[in-house]
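Descriptive analysis of the structure
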Amino acid sequence: MAILIVGLMFGSFTNAFVGVLSYFGSAEQLQKFTFWSMGNIGNLTWNSILILGIAIMVGLLLSLLAIKSLNSLLLGENYAKSLGLNFKKSRLIIIVATSILAGSITAFAGPIAFIGLAVPHLAKLIFQTSSHSVLFWSTVLLGSSFMLLCDLISQVPGGDFTLPINAITSIIGAPVVVWLLVRKRKMMN
């Protein structure tokens, strides 16, 4: 709960900071920011792709190292500690891996909604497992496939324009998340 509250407060602080920078920004800078905030995976240079690839590999490697910890945490913190899990170290690795993965893709491609929220739940539904060794690879596969599908749709076949990928992921992802929430609520009743 504390991490959630800190995250919300950090998000609020960041939005305020961005608002101040936007106020003092030029029209060109505001236009660049607006396009970045819509998400785009097509404007990356090869140097950007190299840096992003390295960051993603580091994040995925740290995530792979955390799989055993995540599996032991499925039954609770006390159970995981009884198995000999160093909870503080594991939590740090999980937070760093998540921060590297989410931060690097957001920095280079913009805030692309619903991929990180909907895809892991879909993977869990499709593969009917809680094992993070299965969910890790299925989420990577489904997430990349879903992003490619959304990018293909955003290219508007036959058109000379590209829709913002964030709009496409939201149009597809929002109903999926709502469906998951409704389905979970029905299962609990």
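Numbering of residues begins from 1 in every chain and follows the order in which that chain's sequence is written. For a predicted model such as this one, the threshold for reporting local features is a pLDDT of at least 70, and the threshold for listing and counting side-chain atom pairs is 80 or more; totals across whole chains, interfaces and linings nevertheless cover every residue. Excluded from the side-chain calculations are hydrogens and water; all other atoms, namely the structure's heavy atoms, are used.

1. Looking at the overall build of the protein chain
For the protein chain, the helix and strand inventory stands at nine helices and zero strands. In DSSP terms, a helix is any run of H or I states spanning at least four residues, a strand is any run of E spanning at least two, and both are numbered starting from the N terminus. Beginning at the N terminus, the succession of helices and strands in the protein chain can be written as α-α-α-α-α-α-α-α-α. Along the first, second and third principal axes, the C-alpha atoms of the protein chain reach 55 × 35 × 35 Å. Here's how the labels work: a residue is buried when its accessible area is under 20% of the maximum for its type, exposed when over 50%, partly exposed in between, all with a 1.4 Å probe on protein chains only. For the protein chain, buried positions account for 22% of its 189 residues. Here, residues are in contact when the closest pair of their heavy atoms is within 4.5 Å. Taking the intrachain contacts of the protein chain between residues at least 6 apart in sequence as the baseline, contacts between residues at least 24 apart amount to 67%.

2. As for the packing of aromatic side chains
Aromatic rings from Phe, Tyr and Trp, taking only the six-membered ring of Trp, are treated as a pair when their centres fall within 6.5 Å; an angle between ring planes under 30 degrees marks them as stacked, one over 60 as edge-to-face, and anything in between as tilted. Applying the stated rule across the entire model yields four aromatic pairs. Taking 5.0 Å as the distance between ring centres and 85° as the angle between the ring planes, the aromatic pair formed by Tyr 23 and Phe 24 counts as edge-to-face. Classification of Tyr 23 by relative accessible area gives exposed; the value is 66%. Phe 24 gets classed as exposed once you look at its relative accessible area, which sits at 66%.

3. Focus on the confidence of the model for the protein chain
Known as pLDDT, the predictor's per-residue confidence is scaled from 0 to 100. Put simply, the protein chain has an average pLDDT of 87, and 99% of its residues get 70 or more. Between the elements of the protein chain, mean pLDDT differs from a low of 81, seen in helix H9 (residues 165-188), to a high of 95, seen in helix H3 (residues 46-65).

4. Notes on the environment of Ile 41
Within the secondary structure, Ile 41 is located in the loop between helix H2 (27-37) and H3. When the C-alpha atoms of Ile 41 and Leu 148 are compared, they prove to be 9.8 Å apart, with 107 residues separating the residues in sequence. Contacts of Ile 41, omitting those with residues within four sequence positions, involve Ala 109, Ile 112, Met 147, Asp 151 and Ile 165.

5. What about the nonpolar core?
Across soluble globular proteins, nonpolar side chains show a tendency to be buried alongside one another. Nine residue types can take part in a nonpolar core, namely buried Ala, Val, Leu, Ile, Met, Phe, Trp, Tyr and Cys, and a core is a set of them joined through side-chain atoms within 4.5 Å. Counting residues in each nonpolar core, the largest one holds seven residues, listed as Ile 115, Val 119, Phe 146, Met 147, Cys 150, Ile 165 and Ile 168. For this core, the secondary-structure elements that each account for two or more residues are helix H7 (115-127), helix H8 (132-154) and H9. No other element matches the three residues that H8 contributes to this core.

6. Considerations on the environment of Thr 129
The topology assignment puts Thr 129 in the loop between H7 and H8. Each C-alpha atom of the pair Thr 129 and Asn 86 lies 24 Å from the other, and the pair is 43 residues apart in sequence. Residues within four places of Thr 129 in sequence aside, it is in contact with Lys 124, Val 134 and Leu 135. Any pair of nitrogen or oxygen atoms within 3.5 Å is treated as a polar contact; in protein, a donor-acceptor pairing is required on top of that, and neighbouring residues in sequence qualify only through side-chain atoms on both sides. In terms of polar contacts, Thr 129 uses its side chain to reach the backbone amide nitrogen of Ser 131, at 3.0 Å.

7. Describing H3
Taking 1.5 Å of rise per residue, 20 residues should cover 28 Å, and H3 covers 28 Å from first to last C-alpha, within 8% of that figure. Restricting attention to buried positions, one finds in H3 the residues Ser 48, Leu 52, Ala 55, Gly 59 and Ser 63. All buried residues of H3 lie within an arc of 80° about the axis, which places them on one face of the element. Opposite the buried face of H3, at more than 90 degrees from it, the exposed residues are Trp 46, Asn 47, Leu 50, Ile 54, Met 57, Leu 61 and Leu 65. On the buried face of H3, the contacting elements are helix H4 (67-73), helix H6 (87-109) and H8. Given a helix with a known number of residues, its expected span is that number minus one, times 1.5 Å. Directions drawn from the helix axis to the C-beta atoms are what define this arc.

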